[in-house]
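# Chains, contacts and geometry: an overview
What follows is each chain in one-letter form.
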Amino acid sequence: MEGLDGPAGEGLEAWWHLNLTPSVAKTLDWYIRCFPAEAYATIDEIQRQAHNTWKAPAADTLSALRSALSLDGELTDEQRATYFALLEPHEDTD
């Protein structure tokens with residue numbers, strides 16, 4: 001995937017966009033509501049694959065997933081905000 005100034009993930013202007021179909025977003029929403037711990041691991045894997053494939057930053061992947069769920073999911077705004085707050089990448093505290 002190409003960014004504005006070269007291969008994805010390079011430079012300040014690099015960008016990418018992840019889209020989920022409504023059916024995939026609805027399935028992920030259901031998975032989060034019914035199996036939140038397992039969904040956490042699945043979302044982690046989505047982030048890893050997006051980074052390995054397109055050099056997409058983890059925070060950008062989460063933002064795209066959160067947007068898709070806000071459009072097509074059943075989680076309330078508060079539920080979605082709380083769940084995704086737990087997924088946000090944190091800097092190491094070592």
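A few points on the structure.

Reading guide: rules and limits
- Residues numbered from 1 in each chain as written.
- Predicted model: local features only at pLDDT ≥ 70, side-chain atom pairs only at ≥ 80, totals over all residues.
- Heavy atoms only, no water.
- Helix = DSSP H or I, 4+ residues; strand = E, 2+ residues; numbered from the N terminus.
- Buried < 20%, exposed > 50% of the residue type's maximum accessible area, 1.4 Å probe, protein only.
- Contact = heavy atoms within 4.5 Å.
- Areas by Shrake-Rupley, 256 points an atom, 1.4 Å probe, with all protein chains shown as cover.
- Salt bridge = Lys/Arg side-chain N within 4 Å of Asp/Glu carboxyl O.
- Core = buried A, V, L, I, M, F, W, Y, C linked by side-chain atoms within 4.5 Å.
- Axes fitted to C-alpha atoms, helices over the stretch in contact; angles between N-to-C directions.
- Parallel < 35°, antiparallel > 145°, perpendicular 65-115°, else oblique.
- Left-handed = near helix turned anticlockwise from the far one by under 90°.
- Nonpolar A, V, L, I, M, F, W, Y, C, P; charged D, E, K, R; others polar.

The secondary structure content of the protein amounts to four helices and two strands. The N-to-C order of helical and strand elements in the protein reads β-β-α-α-α-α. In the protein, buried positions account for 27% of the 94 residues. Of the contacts made within the protein by residues no fewer than 6 positions apart, 53% connect residues no fewer than 24 positions apart. Carbon and sulfur atoms provide 55% of the accessible area of the protein, an area that totals close to 6,300 Å².

This part is about the pattern of salt bridges. Enumeration over the complete set of coordinates arrives at six salt bridges. Residue Arg-48 pairs with Glu-45 through a salt bridge whose shortest N-O separation is 3.2 Å. Residue Arg-48 and its partner Glu-45 are both found in helix α2 (residues 36-54); the two are separated by three residues, about one turn of the helix. Note that Asp-77 is salt-bridged to Arg-80, the shortest N-O span being 2.4 Å. In this pair, Asp-77 and Arg-80 are both assigned in helix α4 (residues 77-87), three residues apart and thus about one turn of the helix distant. When its relative accessible area of 7% is taken as the criterion, Arg-80 is described as buried. What emerges from the salt-bridge pattern is a single network uniting Asp-29, Arg-33 and Glu-74.

With 15 residues, the main nonpolar core has Ile-32, Ile-43, Tyr-83 and Phe-84 as its most contacted residues. Elements with a contribution of two residues or more to this core: α1 (22-34), α2, α3 (58-72) and α4. No other element matches α3, which puts five residues into this core.

Moving on, we get to the side chain of Asp-29. As for its position among the elements, Asp-29 is in helix α1. Asp-29 has contacts with Leu-69, Gly-73, Glu-74 and Leu-75, leaving out every residue within four places of it along the chain.

Here we take up the packing of α2 against α4. Taken N-terminus to C-terminus, the directions of α2 and α4 make an angle of 55°; their axes are 11 Å apart at the nearest point. Classified by the interaxial angle, the pair formed by α2 and α4 is oblique. You can see that α2 and α4 cross each other, and the crossing is right-handed. Within the contact between the two elements, α2 uses Pro-36, Ala-39, Tyr-40 and Ile-43 and α4 uses Tyr-83, Leu-86 and Leu-87. Looking at the contact of α2 with α4, its residues break down into seven nonpolar, no polar and no charged.

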